[in-house]
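# Fold and contact review
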Amino acid sequence: MLRPVLAATLALTFLSFARADILPKDKRSGFDFMSPQTQAMQSDETSNPGMLWVLDGERLWGEPQGSAGKSCASCHEDATKGMRGVAARYPVFDEQSKRPIDLAGRINRCRQTRQAAPPLAHESNELLNLTAYVAYQSHGMPVAPATDPRLEKFRENGRAWFERRLGQLQLSCASCHDDRWGARLGGSIIPQAHPTGYPLYRLEWQTVGSLQRRLRGCLVGVRAEPFEYGAPEYIDIELFLMSRASGLKMETPAVRP
C-alpha cells in the first residue's frame, strides 16, 4: 500500500504527462522488459510453469462433459488444427448476446449449448486450463483482431476505459502503459500492457491467471472499484488491447514477473 504523500506525488507526476500513443515502430511485448532469467523460463517449455495448465487443458479437451456426454474434441476434433489462430483474433462478435465475447466466454458457451454442462467459474483451474490450451494453439502467430464492423463501438468503449482516469489516484491505464512504458514503478519496469500471453503464469501470483485478473489488480492499484469477473467492460477493454497489440506474436502461456 502506497503512503498517502507518496501516492499523491505519484499521481501528480503522472498527471503532468500528456497522452502519447505508442508508435508502431516502438511496439514491444512484455517479454522484452523481463530479466533474461524470466525470458528463459518462458521460452523453454520444460521450464515454463504455465505449460502444466496447457497439459491439463489438453486432457480436458478430450473428456466428455455434461449430460450430453460430449467432449470439446467431439465437435472440434484435433485442437492443433481446428483451434490454430483462434485466440489471435478474439474477442469476436457474438450473435446471441449482440456484443463481443472473449475466448473463455466462448468455451463456457460451448459447454452450455453443446455439452449441456454448467459454466465454469471465472479463474477456476478448469476454465484456465481449457483457455490456455486453446490459446496455446496460436502460439507464435501474430495478433490479428477481428474486423467485424459491429465490434467498433465496443472497441471504442474499451479505448475510453483505457484512457479514463480512475480511482483515488486519478490514473488511467494509458498514464502508465502509453505515457511511461520503460520507466520504473516500485522497482519494476512498466510494460506496454499488450495481452499477448494470457492466460499467463505470473511469478507474483505463483499460478496462471486471466487478463481480467490482471485488470482487476490494476484497478485496485489505483484505488478504484474493480468490475466483477465477466463484466462487459473487461471484454471491451480486451477488444481494444488486442487491436492495440496487432501484429505482435501470441505467447500463451507467457510468464511475467
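Definitions and limits used
Residues numbered from 1 in each chain as written. Predicted model: local features only at pLDDT ≥ 70, side-chain atom pairs only at ≥ 80, totals over all residues. Heavy atoms only, no water. 1 Å grid on protein atoms, 1.4 Å probe; cavity = no way out; pocket = protein on both sides within 12 Å on 5 of 7 lines; lining within 4 Å. Points joined across faces, edges and corners; volume = space filled by probe spheres on them. Helix = DSSP H or I, 4+ residues; strand = E, 2+ residues; numbered from the N terminus. Nonpolar A, V, L, I, M, F, W, Y, C, P; charged D, E, K, R; others polar. Contact = heavy atoms within 4.5 Å. Salt bridge = Lys/Arg side-chain N within 4 Å of Asp/Glu carboxyl O. Buried < 20%, exposed > 50% of the residue type's maximum accessible area, 1.4 Å probe, protein only. Pairing = 2+ DSSP bridges. Core = buried A, V, L, I, M, F, W, Y, C linked by side-chain atoms within 4.5 Å.

## Quick look at empty space enclosed by the protein
Empty space left among the atoms is revealed by rolling a probe the size of a water molecule over them. Tallied over the entire structure, the rule returns one cavity of 30 Å³ or more. Roughly 340 Å³ of internal volume is contained in the largest cavity. Mapped by element, the contributors of at least two residues to the lining of the largest cavity are α6 (103-113), α7 (125-136), α10 (211-221) and α11 (232-244). With four residues, the single largest contributor to the lining of the largest cavity is α7.

## Some points on the layout of surface pockets
Of the pockets and cavities examined, the second largest pocket occupies roughly 290 Å³. Mapped onto the lining of the second largest pocket, the elements with two or more residues apiece are α4 (72-76), α6 and α7. The element that contributes the greatest number of residues to the lining of the second largest pocket is α6, accounting for five residues. Its residues assigned to classes, the lining of the second largest pocket shows 11 nonpolar, three polar and four charged.

## Examining the environment of Leu239
With respect to the secondary-structure elements, Leu239 resides in helix α11. For the pair Leu239 and Phe31, spaced 208 residues apart in sequence, the C-alpha separation works out to 21 Å. Once residues within four sequence positions are removed from consideration, Leu239 is found in contact with Pro91, Pro100, Leu151, Phe154 and Arg155.

## Examining the pattern of salt bridges
In the structure shown here, the tally under the stated rule is 15 salt bridges. With a shortest N-O distance of 3.2 Å, Arg256 and Glu251 are connected by a salt bridge. Classification of Arg256 as buried rests on a relative accessible area of 10%. On the basis of relative accessibility, which here comes to 8%, the residue Glu251 falls in the buried class. Three or more residues joined by partner-sharing salt bridges are found here, namely Glu95, Lys98, Asp148 and Arg150.

## Quick look at the sheet that holds strand β7 (residues 255-256)
Ordered by their spatial adjacency, three strands build an open sheet running β6-β5-β7, and the pairing between neighbours is mixed. The open sheet terminates on both sides in strands that have one partner only, identified here as β6 (207-209) and β7. Across two bridges, the pairing between strand β5 (residues 200-202) and β7 is parallel. Looking at the pairing, Arg202 lines up with Arg256 of β7.

## Brief notes about unusual backbone geometry
Cis peptide bonds are those with omega within 30 degrees of zero, and the linkage from Tyr90 to Pro91 qualifies with 0°. Its place among the elements puts Pro91 in the loop between α5 (79-82) and β1 (92-94). Of the consecutive residues Tyr198 and Pro199, the connecting peptide bond is found in the cis state with omega at -10°. Secondary-structure assignment places Pro199 in the loop between β4 (188-189) and β5. Unlike most non-glycine residues, Glu77 shows phi in positive territory, near 55°. As for its position among the elements, Glu77 is in the loop between α4 and α5. With a phi close to 65°, Ala193 is a non-glycine residue in the positive phi region. Tracing the chain through its elements places Ala193 in the loop between β4 and β5. We classify Ala193 as partly exposed; its relative accessible area is 24%.

## Observations concerning the side chain of His194
Relative to the elements of secondary structure, His194 occurs in the loop between β4 and β5. Other than its neighbours up to four places away in sequence, His194 contacts Lys27, Arg28, Arg244, Ala245 and Leu248.

## With respect to the nonpolar core
Across soluble globular proteins, nonpolar side chains have a tendency to be buried as a group. Of all hydrophobic cores here, the largest spans 31 residues; its most connected members are Trp61 and Leu103. Of all elements in the fold, only α3 (51-61), β1, α6, α7 and α11 reach the threshold of two or more residues within this core. No other element matches α7, which puts six residues into this core. Excluding anything up to four places from it in sequence, Trp61 contacts Ser71, Cys72, Ala73, His76, Glu77, Ala79, Met83, Leu130, Tyr133 and Val134.

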